[in-house]
Amino acid sequence: MIQAGRNLSVRALHNYDEQGNRIDKGAHARGNASGGCAGLAGNGTFVEAVASPEVEAVIGSGVTTGSGDIDIIARANNDALAEAPSLTIGFSGGVGVALADAEASGSILAHLDAGDSVAGGNVLIESQVSSRADARSEASGGGIFSGNGSVATAKSSPVIEAAVRGGSLDAGGNVALSSRSEGDASADAQGITIGLAGGVGVNLATADVSPTLSTYIDGVVTAGQDITLQSLHNRHADGSLLDGQAHASGNSSGGGLFGGGGVDVDAIASASVDSYIAGGTVTTTSGDIRLIARSSDNALAEADGLIIGGVAIGANLADATVEGTTRAHVDAGTTLSSGRDLTILADAVASGEAKAVASSGGLAAGAGADADALVAPHVEATLDTGASALRDVNITARGIAHARAEAKGSSIGLGLSAGASFADARALPVITSAIGAGHTVTAGRDINLGSVLNTDTDGTPLGDYTAQAASTGSAGSLLVGILAGAEASVTSTAEVKSSIGGGSTLEADNDIRLSSNADNTVDVRAEGDANGLFAGGGSSST
């Protein structure tokens, strides 16, 4: 047992000072491979930057403070930067490779473990991380024959937790548990390849922001005022958005008698954000009980390039994937009693955008662009136990989902020209609010259970498309122009539901409201153009 006459504070800080200011330090790796010769030249560089701290603030036994507060705080500022440039020039030929890998991960934990704890004032358990990964690779060169490849991989995937793990906690004031993540990953792969006889360049980039946030109580917690559990990923406490995203970009340019280039970029934003009460008894005497989970998953993939040659072929692919999970829930076996309001809110903003541009020109030219965006967030607010509140019970699952894909392919050939572009946008959100089966929920005023997608809480649309795809293709030649295809497709299948399980009893002195609102609109466009003495092609949109 730990005893303190007034306040007790336990802090674990990584690249933070005591005042809460970030210290600008991290893992930074840079390699440079450059060279050339009159014959065949080859260079390669591989750099890796890993920032993976283990930060933990914990009180592992019971603690008592007289009239003071208990603070358990873990914070980390977690940056990784990897840079890999390569330049290779050989008269006969040049081959260059550049690989950059940046990872910002680790674990940031704050928790109060088993034991009986009493605080006369407030209790704060907070875990916070700023996690940024940045990878930049560039492979360029030239010769009679030239080949280059660059790969950039950036991943931000920390584990963040704030918890009461067993035992009991009795606070005279507020009890606040908070997990916060600011995550960003940027991967950029560039290359310029020039070969007098032939040049081929390939560039790959992957950016991934996938943190895991958990804020929970598994024990007995009593507070004289509010009890708040809050998990925030790239969101402020008021719901406004932070700037973090997964951004993957690539460019492949060059040429030769034969010129070939390709770019493949993938942006992934799939956070797991969870605020919950796993079991035990949670009670406030005169305050609110709030469980809040908020996330912003934003993925942007951009691929482009220009290839010029006697025979020129370019193909660029961009994929954006958003499949995060945002949950606020009270699990079965919990006893829940609020002296004022009970609020369970899961709130997710999910955006995925893919852009692919491919251009080529030569005696014979071909260009292809393919952009795919998938946005499939899962948002869940549930109460799976009996509960009572002296005022309102509000259970809300809210989602904003946007998928956008844009592809542009164009080629110009003196003899033969062929182009193709494909864009596919899919929005598959699942938004669920529920009260489980066989429970009794009572409120001194209202009980509100609702799920919303792309609308305000009153059902007013926010005014943007859920899924949008645009494809533009063109091919031009003095002789034969062939547009292989300009295709755009959209899918928007939303599951938005609010439900009350069988055998449950809801009692409210005023109103009981059950609602589901969704605005699910799409936009699709495909445009194609082929010109030449002999020309053919087509476009389609679905």
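Preceding this section is the structure that the text describes.
Quantities reported herein were computed from a predicted structural model and do not represent experimental measurements.

**A closer look at the overall build of the protein**
Next, step 1: A tally of regular secondary structure across the protein gives 0 helices and 35 strands.
Next, step 2: By the burial criterion, 55% of the 542 residues in the protein qualify as buried.
Next, step 3: Per element, the accessible surface of the protein, about 19700 Å² overall, is 52% carbon and sulfur.

**Focus on the nonpolar core**
Next, step 1: Core analysis: the biggest nonpolar cluster contains 116 residues, and Ile 125, Val 175, Leu 336, Ile 344 and Leu 383 have the highest contact counts within it.
Next, step 2: The biggest single contributor to this core is strand β22 (residues 342–375), with 13 residues.
Next, step 3: In contact with Val 175, not counting residues within four places along its chain, are Val 123, Leu 169, Val 221, Ala 223, Asp 226, Ile 227 and Thr 228.

**Quick notes on the side chain of Asp 226**
Next, step 1: Mapped onto the elements, Asp 226 comes out in the loop between β15 (212–223) and β16 (227–233).
Next, step 2: Looking at Asp 226, the relative accessible area reads 13%, which means it is buried.
Next, step 3: A distance of 3.2 Å separates a polar atom in the side chain of Asp 226 from a polar atom in the side chain of Arg 290.
Next, step 4: In this structure, Asp 226 is in contact with Gly 173, Asn 174, Val 175, Thr 284, Gly 287, Asp 288, Arg 290 and Arg 340, ignoring residues within four places of it in sequence.

**As for a nonpolar patch on the surface**
Next, step 1: There is a patch of nonpolar side chains on the surface, built from Phe 46, Val 97 and Leu 99 and spanning about 250 Å² of accessible area.
Next, step 2: Structurally, Leu 99 can be placed in strand β9 (residues 93–104).

**Topic: empty space enclosed by the protein**
Any space left empty among the atoms is revealed by the rolling of a water-sized probe across them.
Next, step 1: Tallied over the full model, the rule gives 1 cavity of 30 Å³ or more.
Next, step 2: Taken as a whole, the largest cavity spans an internal volume of roughly 30 Å³.
Next, step 3: Lining the largest cavity we find Ser 252, Gly 261, Gly 262, Gly 305, Leu 306, Ile 307, Gly 314, Ala 315, Asn 316, Ala 358 and Ser 359.
Next, step 4: If you list the elements that add at least two residues to the lining of the largest cavity, you get β17 (246–269), β19 (289–322) and β22.
Next, step 5: In terms of residues, the lining of the largest cavity owes the most to one element, β19, which gives 6 residues.

**Digging into the layout of surface pockets**
Next, step 1: What the largest pocket holds in volume is close to 170 Å³.
Next, step 2: Lining the largest pocket are 13 residues, and of these Asp 79, Ala 80, Leu 81, Arg 132 and Asp 134 sit closest to its centre.
Next, step 3: Elements represented by at least two residues in the lining of the largest pocket include exactly β3 (27–30), β8 (70–90), β12 (123–156) and β14 (175–209).

**Side note on the packing of aromatic side chains**
Aromatic rings in a pair are described by how distant their centres are and how their planes are angled relative to each other.
Next, step 1: Tallying each qualifying case throughout the model produces 1 aromatic pair.
Next, step 2: Relative to Tyr 276, the ring of Tyr 216 lies with its centre 5.0 Å away and its plane at 15°, an arrangement referred to as stacked. Placement of Tyr 216 in strand β15 and of Tyr 276 in strand β18 (residues 272–284) is noted, with a sequence separation of 60 residues between them.

**What to know about the pattern of salt bridges**
Next, step 1: Overall, the coordinates contain 28 salt bridges when judged by the stated rule.
Next, step 2: Between Arg 75 and Glu 126 there is a salt bridge, and its shortest N-O distance comes to 3.0 Å. Of this pair, Arg 75 sits in strand β8 while Glu 126 sits in strand β12, and the two are 51 residues apart along the sequence.
Next, step 3: If you follow the salt bridges from partner to partner, you end up with Glu 353, Lys 355, Arg 404, Glu 406 and Lys 408 in one network.

**Overview of the pairing of strand β26 (residues 430–435)**
Next, step 1: In terms of burial, β26 is largely enclosed, as 6 of its 6 residues are buried.
Next, step 2: Burial along β26 is two-sided: Val 430, Thr 432 and Ala 434 and Ile 431, Ser 433 and Ile 435, pointing in opposite directions, are all buried.
Next, step 3: When strand β23 (residues 378–383) meets β26, the two strands line up parallel, connected through 6 bridges. Bridge assignment links Leu 383 to a residue of β26, and that residue is Ile 435.
Next, step 4: Pairing between β26 and strand β31 (residues 495–500): 6 bridges, direction parallel. Pairing of Ile 435 across the sheet is with Ile 500, part of β31.

**A few points about the environment of Leu 317**
Next, step 1: Residue placement: Leu 317 occurs in strand β19.
Next, step 2: Separated by 16 residues in the primary sequence, Leu 317 and Ala 301 have C-alpha atoms spaced 9.0 Å apart.

**Let's talk about the environment of Ala 119**
Next, step 1: Here Ala 119 lies in strand β11 (residues 116–119).
Next, step 2: On the basis of relative accessible area, Ala 119 is assigned to the buried category, the value being 2%.
Next, step 3: Each C-alpha atom of the pair Ala 119 and Asp 69 lies 6.1 Å from the other, and the pair is 50 residues apart in sequence.
Next, step 4: Leaving out residues up to four positions away in the same chain, Ala 119 has contacts with Thr 65, Gly 68, Ile 70, Asp 170, Ala 171 and Gly 172.

**Concerning the side chain of Ser 130**
Next, step 1: Structurally, Ser 130 is set in strand β12.
Next, step 2: Separated by 2.4 Å, the side chains of Ser 130 and Arg 132 make a polar contact.

**A short note on unusual backbone geometry**
Next, step 1: Although it is not a glycine, Asn 15 sits at a positive phi angle of roughly 55°.
Next, step 2: With respect to the secondary-structure elements, Asn 15 resides in the loop between β2 (8–14) and β3.
Next, step 3: By relative accessible area, Asn 15 is classed as buried at 15%.
Next, step 4: One non-glycine residue, Asn 234, lies in the positive phi region at around 50°.
Next, step 5: Structurally, Asn 234 can be placed in the loop between β16 and β17.
Next, step 6: Residue classification places Asn 234 among the buried positions, given a relative accessible area of 2%.

**Let's talk about the environment of Ala 346**
Next, step 1: Tracing the backbone through its elements, the reader meets Ala 346 in strand β22.
Next, step 2: Look at Ala 346 and you get buried, because its relative accessible area is 0%.
Next, step 3: Considering only alpha carbons, one finds Ala 346 and Val 379, 33 residues apart in sequence, at a separation of 6.2 Å.
Next, step 4: Dropping the residues within four chain positions of it, Ala 346 is found in contact with Ala 293, Thr 326, Arg 327, Ala 328, Val 379, Glu 380, Ala 381, Thr 396, Ala 397 and Arg 398.

**Notes on the pairing of β23**
Next, step 1: Inspection of the sheet shows strand β20 (residues 325–330) paired to β23 by 6 bridges, in the parallel sense. Across the sheet, Thr 325 pairs through a bridge with His 378, a residue of β23.

Reading guide: rules and limits
Residues numbered from 1 in each chain as written. Predicted model: local features only at pLDDT ≥ 70, side-chain atom pairs only at ≥ 80, totals over all residues. Heavy atoms only, no water. Helix = DSSP H or I, 4+ residues; strand = E, 2+ residues; numbered from the N terminus. Buried < 20%, exposed > 50% of the residue type's maximum accessible area, 1.4 Å probe, protein only. Areas by Shrake-Rupley, 256 points an atom, 1.4 Å probe, with all protein chains shown as cover. Core = buried A, V, L, I, M, F, W, Y, C linked by side-chain atoms within 4.5 Å. Contact = heavy atoms within 4.5 Å. Polar contact = N/O pair within 3.5 Å; in protein donor to acceptor, adjacent residues only side chain to side chain. Patch = residues over 30% accessible without salt bridge, like charges linked within 9 Å, V, L, I, M, F, W, Y side chains within 5 Å. Salt bridge = Lys/Arg side-chain N within 4 Å of Asp/Glu carboxyl O. 1 Å grid on protein atoms, 1.4 Å probe; cavity = no way out; pocket = protein on both sides within 12 Å on 5 of 7 lines; lining within 4 Å. Points joined across faces, edges and corners; volume = space filled by probe spheres on them. Phe/Tyr/Trp six-rings, centres within 6.5 Å; stacked < 30°, edge-to-face > 60°. Pairing = 2+ DSSP bridges.

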